[in-house]
Amino acid sequence: TLLQIFSTETRGHTESVRSEIQKCRESGIGCQVSASLLRAAHTLQGSARAVGLRPMAEASAEIEKLMHAYKAHQHPLDEPAAALFDRLVGAVEIMIDTLSRGDTRSAGLLGEFSGVAQGAHELQSHLLAAAAAAEAAAATQALRAPEVAQAPAAATPKPAPVSAPAGGNETV
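Residues numbered from 1 in each chain as written. Predicted model: local features only at pLDDT ≥ 70, side-chain atom pairs only at ≥ 80, totals over all residues. Heavy atoms only, no water.

Peer 1: Where do I start with the nonpolar core in this structure?
Peer 2: One broad rule of soluble globular proteins: the nonpolar side chains tend to lie buried together. Ranked by internal contacts, the top residues of the largest apolar core, which has 40 residues, are Ile 63, Met 67 and Phe 113. Secondary structure elements with two or more residues in this core: α1 (2-27), α2 (35-50), α3 (54-72), α4 (79-100) and α5 (109-144). Of all the elements, α4 adds the most residues to this core, at eleven residues. Ignoring sequence-local partners within four residues, the contact set of Met 67 consists of Val 33, Leu 37, Leu 38, Leu 77, Ala 81 and Phe 85. (Core = buried A, V, L, I, M, F, W, Y, C linked by side-chain atoms within 4.5 Å. Buried < 20%, exposed > 50% of the residue type's maximum accessible area, 1.4 Å probe, protein only. Helix = DSSP H or I, 4+ residues; strand = E, 2+ residues; numbered from the N terminus. Contact = heavy atoms within 4.5 Å.)

The structure is reproduced here in structure tokens:
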């Protein structure tokens, strides 16, 4: 069934997201957003839309937008973004388990998906505001920096020509 295909494929994507987030955390340095992380967020969104899970699709779409903003501004994947991914993946896994049991109730996941979407939107807003502030500060600094004008090099005085001593061929 479509639900079984959705469940199987989505579990694969959530596992890859968890693995990639864990690798970033273990590296101890900020990882850049990878193409596979972007693809996973995009696929989670599309899969959720295909089976009519709009709240999950909207949360995944907001995470995807956030990841694109991080990538565009070369911002490393930080803990707030990783935590949002964790929340999304956790909610998706609960949703899959719930649906797999034949239970169509949301198990309180609507609020969690909404919280993930809101959190991603807020992080993106902060990132874009910080990037705009940094760009404005750089532009202001460039305008305030004194221009180093290249003054023309001063002419070096030439030595006076040596003339023959007065009186012709005198010997001393």
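Having put the structure on the table, let's press on.
Peer 1: What should I look at first to understand unusual backbone geometry in this one?
Peer 2: Most peptide bonds are trans, and most residues other than glycine sit at a negative phi. You will see that Gln 74, though not glycine, has its phi angle at about 50°, which is positive. Relative to the assigned elements, Gln 74 resides in the loop between α3 and α4.

Peer 1: I tried to follow the packing of α3 against α5 on my own but got confused; where do I start?
Peer 2: In a pair of packed helices, the angle between the axes and the distance between the axes together describe the arrangement. Interaxial distance between α3 and α5 falls to 8 Å at its minimum, and their mutual angle equals 20°. Here α3 is positioned roughly parallel relative to α5, judged by the angle of their axes. α5 is crossed by α3, and the crossing has left-handed handedness. On α5, the residues that touch Pro 55, Met 56, Glu 58, Ala 59, Glu 62, Ile 63, Lys 65, Leu 66, Ala 69 and Tyr 70 of α3 are Leu 110, Phe 113, Val 116, Ala 117, Ala 120, His 121, Leu 123, Gln 124, Leu 127 and Leu 128. Grouping the constituent residues of the contact of α3 with α5 by class yields 15 nonpolar, two polar and three charged. (Axes fitted to C-alpha atoms, helices over the stretch in contact; angles between N-to-C directions. Parallel < 35°, antiparallel > 145°, perpendicular 65-115°, else oblique. Left-handed = near helix turned anticlockwise from the far one by under 90°. Nonpolar A, V, L, I, M, F, W, Y, C, P; charged D, E, K, R; others polar.)

Peer 1: What exactly am I supposed to notice about α2 here?
Peer 2: Since the α-helix advances by 3.6 residues per turn, residues separated by three or four positions end up pointing in the same direction. The terminal C-alpha atoms of α2 lie 22 Å apart, and with 16 residues this matches the ideal 22 Å at 1.5 Å per residue to within 8%. Residues of α2 that are buried: Leu 37, Leu 38, Ala 40, Ala 41, Leu 44, Gln 45, Ser 47 and Ala 48. Looking at the buried residues of α2, the elements they touch are α1, α3 and α4. (Expected span 1.5 Å × (residues − 1).)

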